[in-house]
Amino acid sequence: MSKGERISRFVAELTSGEVDPRRTDVAQHPFYQAFFRCWNEQRYYEAHDVLEQLWLKTDFFKGLIQAAGAFVHLQKRLEHPSHPKHSRRLQPAVRLFLLAERNLSMFSPRRHGLDVAALCQLLHAYADKIVASDYKTNPWSPKTAPRLEIGIR
């Protein structure tokens, strides 16, 4: 089974239905919907995976994937703070936060039902907190993890 088939199956399980990747309404696209479900369940790696097939289509998707990737770094750092690899994840997280913000900002204030301006502010705030701590403090925790909601307009 290819990665695309595996992701399609995963998305079908999340959405309890058949996945039609040709759907043109992005806000209702099953991969887009699955991204938000995974994000809000703090499954950032899976959120990254479900949008990966759309990576090359627009900087909007690239920015969402980078944002999820940044939170993967913070999550791994929190889970394994003394691990040789995971203890060094704050700098890559900041780089991804800033890349994501750059890629998403051109779609502000809203795109496909997402408050892009608010997401960019959130990403910048996380990066600022890490930099202000001289890359020593991880501002993410499961209890305060940010949620993303999409509203159809």
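Our subject is the structure that appears above.
The model shown is predicted, which means the values in this text are computed figures rather than measured ones. (Residues numbered from 1 in each chain as written. Predicted model: local features only at pLDDT ≥ 70, side-chain atom pairs only at ≥ 80, totals over all residues. Heavy atoms only, no water.)

1. Notes on the overall build of the chain
Our working rule: The numbering of helices and of strands both runs from the N terminus, where a helix is a DSSP run of H or I of at least 4 residues and a strand a run of E of at least 2. Two things to know: the radius of gyration comes from C-alpha atoms, and the globule rule equals 2.2 Å times the number of residues to the power 0.38. Throughout, exposure labels follow a simple rule: accessible area from a 1.4 Å probe, protein chains only, divided by the maximum for the residue type, with under 20% read as buried, over 50% as exposed, and the rest as partly exposed. By definition, residues are in contact when any of their heavy atoms lie within 4.5 Å. Note on areas: Shrake-Rupley with a 1.4 Å probe; residue coverage comes only from the protein chains shown. Lys and Arg are tallied as positive, Asp and Glu as negative. Neither His nor the chain termini are counted. Taken as the charge location is NZ of Lys, CZ of Arg, CG of Asp or CD of Glu.
Along the backbone of the chain there are six helices and two strands. Helices and strands in the chain line up, N terminus first, as α-α-α-α-α-β-β-α. A compact globule built from 153 residues would reach a C-alpha radius of gyration of about 15 Å, and the chain, at 15 Å, matches this within 12%. Taken along the three principal axes of its C-alpha coordinates, the chain extends 45 × 35 × 30 Å. Taken across its 153 residues, the chain has 44% of its residues classed as buried. Sequence-distant contacts, at least 24 apart, represent 60% of the contacts inside the chain between residues at least 6 apart. When the accessible surface of the chain is totalled, it reaches about 8,400 Å², and 50% of it is carbon and sulfur. The average position of the 23 basic charges and that of the 16 acidic charges among the side chains of the chain differ by 4 Å.

2. Observations regarding the environment of Asn103
Within the element layout of this structure, Asn103 appears in helix α5 (residues 90-105). Residue Asn103 is classed as buried on the basis of its relative accessible area of 9%. The contacts of Asn103, once residues within four sequence positions are left out, are Asp59, Phe60, Lys62, Gly63 and Gln66.

What is shown is where atoms sit, not what they do.
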